[in-house]
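This is what each chain is made of:
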Amino acid sequence: MDIEAEIRALQLDSAEDNNDVVNPEDAKLEKVEKEDEVEVEVEVEGMKDEVHGRSQPGQAEPKVKNKEVVALEDAEAQEEMEANKKRHLNVVFIGHVDAGKSTTGGQILFLSGQVDDRTIHKYEKEAKDKSRESWYMAYIMDTNEEERVKGKTVEVGRAHFETETTRFTILDAPGHKSYVPNMISGASQADIGVLVISARKGEFETGYERGGQTREHVQLAKTLGVAKLLVVVNKMDDPTVNWSKERYDEIESKMTPFLKSSGYNVKKDVQFLPISGLLGSNMKTRVDKSICSWWNGPCLFEALDCIEVPLRDPKGPFRMPIIDKFKDMGTVVMGKVESGSVCEGDSLLVMPNKAQVKVVAVYCDESKVRCAGPGENLRVRLSGIEEEDILSGFVLSSVVKPIPAVTEFTAQLQILELLENAIFTAGYKAVLHVHSVVEECEIVELLQQIDPKTRKPMKKKVLFVKNGAVVVCRVQVNNSICVEKFSDFPQLGRFTLRTEGKTIAVGKVTDLPVA
């Protein structure tokens, strides 16, 4: 991995790294270390001046200290390289309310050994006491009381599990339309998506029809950079389905055209598979032929393992949008690294307020690490800034090439579905969601309309547009926000516009004002 190479470059190469062949640098280091040991022994015997002809005692002491530091750093680097051997993927679970996202996520954690039988029995009893026997697996992901009482995910649940080749971070997004802003926050941190669809009679239809969250979640996921989708058809064990191939085929045939219209290449980027989240069927191991004779494809774990990791640049300018912050022996910020790498001791900027900070510690998956690269969800402890001076949506950025901070930008928008009787024109107000930023905005000018067939600008002046239109416009926000051009940093240059709880447009930043 690139990050391993970087970490290795920061440390002194050990003989093991070179297959026990000692290079000249190693030989020099070994010679110096042996001299150190001789000096210490001689000094203890009170004979140092006679042997070395030096008159100042204590000169060997700093060398011994350096040797110990080198050994400690080398051990830490080795540990870190071991931990980072596996590739890492962030997976967001999306879909309509009650499709079984939290239950599927909980089952994954149980099957991968993250949750023991005792905990499961405790959750079973708790769910039974609430007369919600089938919810117990969801309790693994839905940890607060409000979520358990309502049976609805509110916050984005976060958990970790591993297969033989990959470390996964699970992001369990809310499915209810009231919590779409939280779902956007989860999807903006993800590399791949698992779209959970209920096969139960009537439930797929409710989620898929206009107003259902299946459609909105797919469009949002694509806009927020979730390039690959696993579409899991859940509840195949339900009595109304009974692992029916006809029902599975019906759902796949209805979803495929919609996924294409949302921008997904179905052949390359989308994979369908049937599961039972509650029973764990076709998840860690392939479903038994006696249960489902027609399925010859992979199980969920196999499908996740086969997904390609998106290309990331560990040497690019550092970018980490901040999704949360808190106090803990200093100021700690949370977020996903979109570009570059961070190491303990680095100097960085918190944008847009240009506060210079120093990295005190880096935590990845609860473990303290020396360095971390792109794609990792981190907690970073900072010095030089107070917690109250940071807001969600700020970006931890490199000093040499900081992220632009703007109050206006040019964007290309695709209008999805406006509110009834609404006209999209200059003066239109909405709420902008870009990476972890949520900010009120106004369309100040429509510059040109794009012909959807030719993808070229239309000549006539545009005053307003309707549903389905693609338009280039100037967008203004109330407060300074951090964004990048989509062509430079896709994750930091794509956004959605929402109004009155509904996603009305998706867009990408095409130009920024000259600083």
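Residues numbered from 1 in each chain as written. Predicted model: local features only at pLDDT ≥ 70, side-chain atom pairs only at ≥ 80, totals over all residues. Heavy atoms only, no water.

**Q** In this structure, what is going on with the overall build of the chain? I would like to understand it.
**A** Along its length, the chain carries 13 helices and 23 strands. Across the chain, contacts joining residues at least 24 apart in sequence account for 70% of those joining residues at least 6 apart. Total accessible area on the chain is roughly 25,200 Å²; 50% of this is exposed by carbon and sulfur atoms. (Helix = DSSP H or I, 4+ residues; strand = E, 2+ residues; numbered from the N terminus. Contact = heavy atoms within 4.5 Å. Areas by Shrake-Rupley, 256 points an atom, 1.4 Å probe, with all protein chains shown as cover.)

**Q** I'm lost on helix 5 (residues 101-111) in this one. Help?
**A** Helical periodicity: at 3.6 residues per turn, an α-helix aligns residues three or four positions apart in one direction. Most of helix 5 is tucked away: 9 of the 11 residues are buried. Among all positions of helix 5, only Lys 101, Ser 102, Thr 103, Thr 104, Gly 105, Gly 106, Gln 107, Ile 108 and Leu 109 are buried. Gly 113 sits one or two residues past helix 5 and shows a positive phi near 80 degrees. (Buried < 20%, exposed > 50% of the residue type's maximum accessible area, 1.4 Å probe, protein only.)

**Q** I'm lost on the layout of surface pockets in this one. Help?
**A** In this approach a probe as big as a water molecule rolls over the atoms, and the regions it shows empty are the leftover space. Its boundaries defined by the atoms lining it, the largest pocket holds a volume of some 1,100 Å³. Along the wall of the largest pocket there are 32 residues; nearest its centre are Gln 219, Thr 223, Gln 414, Leu 416 and Val 506. If you tally residues by element for the lining of the largest pocket, the top one is helix 10 (residues 213-223), at 6 residues. Two domains each put at least three residues into the lining of the largest pocket: domain 1 (87-306) and domain 3 (405-511). (1 Å grid on protein atoms, 1.4 Å probe; cavity = no way out; pocket = protein on both sides within 12 Å on 5 of 7 lines; lining within 4 Å. Points joined across faces, edges and corners; volume = space filled by probe spheres on them. Domains from an automatic or database assignment.)

**Q** What am I meant to see in the pattern of salt bridges here?
**A** All chains considered together, the criterion is met by 18 salt bridges. The salt bridge involving Glu 417 is made with Lys 502; its shortest N-O contact spans 3.7 Å. In this pair, Glu 417 is assigned in the loop between strand 16 (405-415) and strand 17 (424-425) and Lys 502 in strand 23 (residues 502-511), connecting sequence segments 85 residues apart. Overall, Lys 502 belongs to the partly exposed group, its relative accessible area being 25%. As a salt-bridge pair, Glu 445 and Arg 474 come within 3.0 Å of each other at their nearest N and O atoms. Note that Glu 445 is positioned in strand 19 (residues 437-450) and Arg 474 in strand 21 (residues 470-482), a separation of 29 residues in sequence. One salt-bridge network, in which partners are shared between bridges, spans Arg 200, Glu 203, Lys 235 and Asp 238. (Salt bridge = Lys/Arg side-chain N within 4 Å of Asp/Glu carboxyl O.)

**Q** Please explain a nonpolar patch on the surface as it appears in this structure.
**A** Side chains of Ile 423, Leu 463 and Phe 464 sit close together on the surface and give an oily, nonpolar patch of about 330 Å² of accessible area. Assignment of secondary structure puts Ile 423 in the loop between strand 16 and strand 17. Residue Ile 423 is classed as exposed on the basis of its relative accessible area, which comes to 51%. (Patch = residues over 30% accessible without salt bridge, like charges linked within 9 Å, V, L, I, M, F, W, Y side chains within 5 Å.)

**Q** What is the right way to look at the confidence of the model for the chain in this model?
**A** Low-pLDDT stretches of the model should not have their predicted coordinates read in fine detail. The predicted model of the chain averages 79 in pLDDT, with 75% of residues at 70 or higher. The low-confidence segment residues 67-71, where pLDDT is below 50, has 3 contacts with residues more than four positions distant or belonging to other chains. (pLDDT = per-residue confidence, 0-100.)

**Q** Any chance you could explain the state of the cysteines here in plain terms?
**A** Every disulfide links exactly two cysteines, by a covalent bond between their sulfur atoms. Enumeration over the complete set of coordinates arrives at 1 disulfide. A disulfide bridge connects Cys 343 with Cys 371, and the sulfur atoms are separated by 2.1 Å. The chirality of the disulfide connecting Cys 343 with Cys 371 is right-handed, given an S-S dihedral of about 110 degrees. One end of the pair, Cys 343, is in strand 9 (residues 342-343); the other, Cys 371, is in strand 13 (residues 371-372), with 28 residues separating them in the sequence. Look at Cys 343 and you get buried, because its relative accessible area is 16%. Its relative accessible area of 5% is what places Cys 371 among the buried residues. (Disulfide = S-S within 2.5 Å.)

**Q** Help me understand the packing of aromatic side chains in this model?
**A** What describes a pair of aromatic rings is the distance from one ring centre to the other and the angle between the planes of the rings. The tally for this structure, following the rule as stated, stands at 9 aromatic pairs. For the ring pair Phe 161 and Phe 168, a centre distance of 4.9 Å and an interplane angle of 15 degrees mean the geometry is stacked. When its relative accessible area of 2% is taken as the criterion, Phe 161 is described as buried. Among the residues examined, Phe 168 registers a relative accessible area of 1% and is labelled buried. Through a chain of ring-to-ring contacts, three or more aromatic side chains come together here, namely Phe 161, Phe 168 and Phe 301. Looking at Arg 215, its charged tip hangs above the ring of Phe 258, at a distance of 4.9 Å from the centre. Here Arg 319 stacks its cationic end above the ring of Phe 489, 5.2 Å away from the centre of that ring. (Phe/Tyr/Trp six-rings, centres within 6.5 Å; stacked < 30°, edge-to-face > 60°. Lys NZ or Arg CZ within 6 Å of the ring centre and 35° of its normal.)

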